[in-house]
Amino acid sequence: MLHSILSNFDSHIDSASAHCDIPCGIYDARIVTYYAVSTLRQIDILLSLKDKDLSDTAFAMQVARNTAKKEEMAENVKHQTRIIWGDFMKGDHLKKHPGAHELAHKIMLAGSACKQDLHREDGEKLVALCNDFAEMFWDMKGVKTKKVTTPYAPNVEVVEPAL
C-alpha cells in the first residue's frame with residue numbers, strides 16, 4: 001500500500017543523482033597522505049622511545065599513547081582511501097586507471113600492517129602507496145602534481161597538486 005501511495009508522487013519529483021552519499025564534490029587525496037605521514041611519524045616516535053631515559057611507568061604510558069595514535073592514523077588512511085575510492089573513482093576514472101582497485105587494496109593491507117606491528121618499512125610503504133594514490137587521484141581530476149618534502153618530521157616526500 002505504501003508503495004502505491006509513494007509511486008503516485010514519482011511523476012512529480014525531479015530525479016537527482018550524486019556520486020556519494022552527500023553530493024558535496026569535495027575530495028582531496030592530501031588527507032590520505034597526511035594520515036600516512038602521521039602514521040610514519042608515530043612509528044618513528046615509538047622506535048625512539050627506547051633511547052630515552054624514561055621510567056618504566058613513563059615508558060609504558062608513552063608507548064600506550066603513541067600506539068593508540070599510530071593505529072588511529074593508520075585507520076584514518078584506510079577510511080579516507082575508502083571514501084575517495086568508493087565515492088569518487090568511478091566510470092571513466094577507472095577506465096583510465098584500471099589499477100585503482102588493486103592500489104586501494106594494497107593501501108588497506110599496508111595500513112593494517114602499520115597497526116599490527118612496529119616496522120618503519122611498513123610506514124614507508126604506506127606513504128609510498130598513498131603517494132601513488134594521490135598521483136592517480138589528481139590525474140583523474142586533471143591536476144598536475146609535484147613532490148615536496150614535508151617541512152616537519154619525518155621529512156618525507158609527498159605528492160601534492162601543483163596549484
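Residues numbered from 1 in each chain as written. Predicted model: local features only at pLDDT ≥ 70, side-chain atom pairs only at ≥ 80, totals over all residues. Heavy atoms only, no water.

Brief notes about the overall build of the chain
- Counting its regular elements, the chain contains 6 helices and 2 strands.
- If you list the helices and strands of the chain from N to C, you get α-α-α-α-α-α-β-β.
- Taking all 163 residues of the chain together, 36% fall into the buried category.
- Pairs at least 24 apart in sequence give 67% of the contacts found in the chain among residues at least 6 apart.
- Element-wise, carbon and sulfur atoms account for 55% of the exposed surface of the chain, whose accessible area totals about 10000 Å². (Helix = DSSP H or I, 4+ residues; strand = E, 2+ residues; numbered from the N terminus. Buried < 20%, exposed > 50% of the residue type's maximum accessible area, 1.4 Å probe, protein only. Contact = heavy atoms within 4.5 Å. Areas by Shrake-Rupley, 256 points an atom, 1.4 Å probe, with all protein chains shown as cover.)

Observations concerning the packing of aromatic side chains
- Under the definition given, this model contains 4 aromatic pairs.
- With a centroid separation of 5.3 Å and an interplanar angle of 65°, the aromatic rings of tyrosine 34 and tyrosine 35 are classed as edge-to-face.
- The interplanar angle of 80° and the centroid separation of 4.8 Å between the aromatic rings of phenylalanine 137 and tryptophan 138 together place this pair among those described as edge-to-face.
- A relative accessible area of 0% means that phenylalanine 137 is categorised as buried.
- Assessed through its relative accessible area of 6%, tryptophan 138 is described here as buried.
- An aromatic cluster is defined as three or more aromatic residues linked by ring pairs; in this entry it consists of Tyr27, Phe88, Phe137 and Trp138. (Phe/Tyr/Trp six-rings, centres within 6.5 Å; stacked < 30°, edge-to-face > 60°.)

Some thoughts on unusual backbone geometry
- Note the cis peptide between alanine 153 and proline 154, where omega equals 20°.
- Its location among the elements puts proline 154 in the loop between β1 (145-149) and β2 (157-161).
- Although it is not a glycine, asparagine 155 adopts a positive phi angle of roughly 50°.
- Here asparagine 155 shows up in the loop between β1 and β2.

Remarks on helix α6 (residues 120-140)
- Taking 1.5 Å per residue, 21 residues should reach 30 Å; α6 reaches 30 Å between its end C-alpha atoms and fits that length.
- Elements that come into contact with the buried residues of α6 comprise α2 (30-48), α3 (56-88), α4 (92-96), α5 (100-116), β1 and β2. (Expected span 1.5 Å × (residues − 1).)

What about the packing of α3 against α6?
- Running from amino to carboxyl end, α3 crosses α6 at an angle of 25°, the nearest separation of the two axes being 12 Å. Comparing the axis directions of α3 and α6 gives the class roughly parallel. Seen along the crossing, α3 lies across α6 with a hand that is left-handed. Here Val77, Thr81, Ile84, Trp85 and Phe88 of α3 lie close against α6, whose contacting residues are Leu126, Cys130, Phe133, Phe137 and Met140. (Axes fitted to C-alpha atoms, helices over the stretch in contact; angles between N-to-C directions. Parallel < 35°, antiparallel > 145°, perpendicular 65-115°, else oblique. Left-handed = near helix turned anticlockwise from the far one by under 90°.)

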